Amino acid sequence: MHRRQFLQQGGTAALGLAFLPAFTRKAAASDRVRMAIVGVGQMGNNHLKWFAGLPDVEIVALCDVDADHLGQSLKTLSGLQPQHKAQGYSDFRKVLDRNDIDAISCATPDHWHAPIATLAFKAGKDVYGEKPLSYDVWEGQQMLKALNRHKRVFQMGTQIHAGDNYHRVVEIIRSGALGKVHTVRLWKTGAPPDLGPAQIGAPPPSLNWDMWLGPAPYADYTPQRCHFTYRYFLDYSGGVFADFWCHIADVVYWSLNPKGLKKISAKGEAPKGINDAPQWLDVDYEFDDLKLYWTHEVPDVPGAAGRGIGAYFEGDKGTLLCDYNSRLITINGETVPDLSNVSITLQRSPGHQQNFIDAVKSRTQPQSNLEYARQMTLPMHLGLISYRLGRPLAWNSKKERFINDDEANALLHREYRKGWDLL
């Protein structure tokens, strides 16, 4: 029997173990998901440790365009799985060529997320992909088309989604305890670091700079553009806003599933250094029956002071404030951390990574699946477009196009750099 058939047929049994602690599981070699980790920088090493710690996963390949990162991560893997036979690669396409790999995790810089995932789907691989989902709106659309066409499984790396707190917030809001929720305020404090003057020079011998850039526009190598601080350049990401949007907007989309986005209005400040992602960004979103506000400062609402990130739900019967790990519900002037009269209705996660592996085996979609993640990510892209153009924008949510605005629609997708137009 082919490995993939075995995993699919064995998936139902795997689901029966979904909520047992990992240490109670035992997996035969034939029942393990064979994984490759693509991008083994700081976050990629977290992926490596997470998946190597699951008994039903075998790490068989690591890939990075930085040979130093790759070499160090192979050493790390040897400490985690001493008997591993994983190979190292500098080009992810060689990983995708291997028929014996079931799934990959992708922790590359943001501008590579969608191309790698889409090509992985076409190569018959399932994907655990870091956030944000994609660089632009068009890429997310292409990802979903490829996933459905090739019947793949995808989990976005919003690890907080797996926690009990978000599950409980969703149960409370869906119960109607707050009444009709008409307004949500999201915030994340913090600003880009001062990157200093550009240090243009030759890339280090260990780094394939041309491939690191990939589909992004060509730029001379500067260390500030590479590795962790890449996220403060609009060629590759969207700054603090893009970095944290999905982590806190997640609980809004899970709870309310807002529909009919029709207006986006962003304002922000340009940075003072060599980077160009906004120093700060505030965005107002108008849906059919919900107003959503993103701010870079803590809003003046009860309980928010001192919280660097959070969500504040306003209903006609009460309010709920939450961050990653806590919540406060206020109804009739009384503030409590929970409501005993609201039943537990959501099945808890076995862990974000285990949820993905179980889904690979059962051929079902995990909690942070692609269709959900794409809808939740899309407003982030639109907020950045409004900021770049410096004006409010009208959106047709059914067509996923701006209304009578060619300039804004042109920013829904950028052309890939010649030689790197892989989709």
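Residues numbered from 1 in each chain as written. Predicted model: local features only at pLDDT ≥ 70, side-chain atom pairs only at ≥ 80, totals over all residues. Heavy atoms only, no water.

Draft legend 1. Structural context of the overall build of the chain. When you go through the chain residue by residue, the secondary structure sums to 13 helices and 16 strands. Seen along its three principal axes, the alpha-carbon backbone of the chain occupies a region of about 60 × 55 × 40 Å. Expressed as a percentage of its 423 residues, the buried residues of the chain come to 58%. Long-range pairs, those at least 24 residues apart, make up 71% of the contacts in the chain between residues at least 6 apart in sequence. A total of about 18100 Å² of accessible surface is found on the chain, and carbon and sulfur atoms cover 51% of it. (Helix = DSSP H or I, 4+ residues; strand = E, 2+ residues; numbered from the N terminus. Buried < 20%, exposed > 50% of the residue type's maximum accessible area, 1.4 Å probe, protein only. Contact = heavy atoms within 4.5 Å. Areas by Shrake-Rupley, 256 points an atom, 1.4 Å probe, with all protein chains shown as cover.)

Draft legend 2. Region of the structure containing the nonpolar core. Membership of the largest hydrophobic core comes to 99 residues, with the highest contact counts inside it found for Ile-104, Leu-186, Trp-245 and Phe-313. Examining the composition of this core, we find that 11 residues originate from one element, helix 12 (residues 370-389), more than from any other. In terms of nonpolar packing, the next biggest core, distinct from the first, is built from 21 residues, Leu-54, Val-57, Leu-77 and Ala-86 among them. (Core = buried A, V, L, I, M, F, W, Y, C linked by side-chain atoms within 4.5 Å.)

Draft legend 3. Up close: the sheet that holds strand 12 (residues 318-322). Sheet architecture is open: 10 strands sit in the order 14-13-12-11-7-10-9-8-15-16, paired in mixed fashion. Edge positions in the sheet fall to strand 14 (334-336) and strand 16 (401-402), since each has one partner strand and no second. Here four bridges tie strand 9 (residues 280-286) to strand 10 (residues 291-295), and the two strands are oriented antiparallel to one another. Across the sheet, the residue bridging to Glu-286 is Lys-291, located in strand 10. Docked against the sheet, helix 12 engages strand 8 (263-269), strand 9, strand 15 (393-396) and strand 16, running at close to 60° with respect to strand 8. (Pairing = 2+ DSSP bridges. Axes fitted to C-alpha atoms, helices over the stretch in contact; angles between N-to-C directions.)

Draft legend 4. Inspection of unusual backbone geometry at higher detail. Cis geometry marks the peptide bond from Lys-131 to Pro-132; its omega dihedral reads -10°. Within the element layout of this structure, Pro-132 appears in the loop between strand 5 (126-129) and helix 7 (137-150). In this structure, His-227 is a non-glycine residue whose phi angle is positive, near 55°. Its location among the elements puts His-227 in the loop between helix 9 (209-213) and helix 10 (239-256). In this structure His-227 comes out as partly exposed when scored by relative accessible area, which is 31%. In the Ramachandran plot, Arg-363 falls in the positive-phi region, its phi being about 60° despite a non-glycine side chain.

Draft legend 5. Structural view of helix 4 (residues 67-80). When the terminal C-alpha atoms of helix 4 are compared, their 20 Å separation across 14 residues agrees well with the 20 Å that a helix rising 1.5 Å per residue should span. What helix 4 keeps buried is the set Leu-70, Ser-73, Thr-76 and Leu-77. Seen end-on, helix 4 carries its buried residues on one side only, within an arc spanning 120°. In helix 4, the exposed positions that point more than 90 degrees away from the buried face belong to Asp-68, Lys-75 and Gly-79. Taken together, the buried residues of helix 4 touch helix 3 (42-52), strand 2 (57-63) and strand 3 (87-89). Where helix 4 begins, one side-chain oxygen reaches toward the backbone nitrogen of Asp-68, 2.9 Å away; that side chain belongs to Asp-66. (Expected span 1.5 Å × (residues − 1). Arc of directions from axis to C-beta. Polar contact = N/O pair within 3.5 Å; in protein donor to acceptor, adjacent residues only side chain to side chain.)

Draft legend 6. Spotlight on the packing of helix 6 (residues 113-122) against helix 7. The contact between helix 6 and helix 7 brings their axes to 8 Å, and the two run at 15°. Comparing the axis directions of helix 6 and helix 7 gives the class roughly parallel. Here helix 6 runs over helix 7; the crossing is left-handed. Seen from helix 6, the contacting residues are Ala-114, Pro-115, Ala-117, Thr-118, Phe-121 and Lys-122; seen from helix 7, they are Glu-139, Gln-142, Met-143, Ala-146, Leu-147 and His-150. (Parallel < 35°, antiparallel > 145°, perpendicular 65-115°, else oblique. Left-handed = near helix turned anticlockwise from the far one by under 90°.)

Draft legend 7. Region of the structure containing the pairing of strand 2. When you tally the buried positions in strand 2, you get six out of seven residues, the bulk of the element. Summarising the sheet, strand 1 (residues 33-38) and strand 2 pair through six bridges and their orientation is parallel. Following the sheet pairing, Arg-34 is matched in strand 2 by Glu-58. Alignment of strand 2 against strand 3, held across three bridges, turns out to be parallel. Each residue of the ladder has a partner; that of Leu-62, found in strand 3, is Gly-88. Crossover handedness for the path strand 2 to helix 4 to strand 3: right-handed. (Right-handed = clockwise from strand over helix to strand, strands pointing away.)

Draft legend 8. Main features of the sheet that holds strand 5. The strand order 3-2-1-4-5-6 describes an open sheet built from six strands, whose pairing is parallel. Edge strands, defined here as strands with exactly one partner in the open sheet, are strand 3 and strand 6 (154-156). Across the sheet, the axes of successive neighbouring strands diverge by a mean angle of 20°, strand direction being ignored. This element, helix 4, spans strand 2 and strand 3 of the sheet and lies at about 165° to strand 2. Where helix 11 (residues 352-362) meets the sheet, its contacts fall on strand 1, strand 2, strand 4 (103-106), strand 5 and strand 6, and the angle it forms with strand 5 comes to roughly 165°.

Draft legend 9. Summary view of the environment of Lys-122. Relative to the assigned elements, Lys-122 resides in helix 6. For Lys-122, a relative accessible area of 44% puts it in the partly exposed group. It is 31 Å that separates the C-alpha atoms of Lys-122 and Gln-347, two residues lying 225 residues apart in sequence.

Draft legend 10. Region of the structure containing the pattern of salt bridges. Under the defined criterion, the tally for this structure stands at 25 salt bridges. For Asp-100, the salt bridge goes to Arg-98, with nearest N and O atoms at 2.9 Å. For Asp-100, a relative accessible area of 27% corresponds to the partly exposed category. What you see here is one network of salt bridges that share partners, running through Asp-164, Arg-168, Glu-171, Arg-327, Asp-338 and Arg-348. (Salt bridge = Lys/Arg side-chain N within 4 Å of Asp/Glu carboxyl O.)

Draft legend 11. Region of interest: the environment of Ser-343. Summarising the element assignment, Ser-343 is placed in the loop between strand 14 and helix 11. Separated by 168 residues in the primary sequence, Ser-343 and Ser-175 place their C-alpha atoms 8.4 Å from one another. Once residues within four sequence positions are removed from consideration, Ser-343 is found in contact with Arg-168 and Glu-171.

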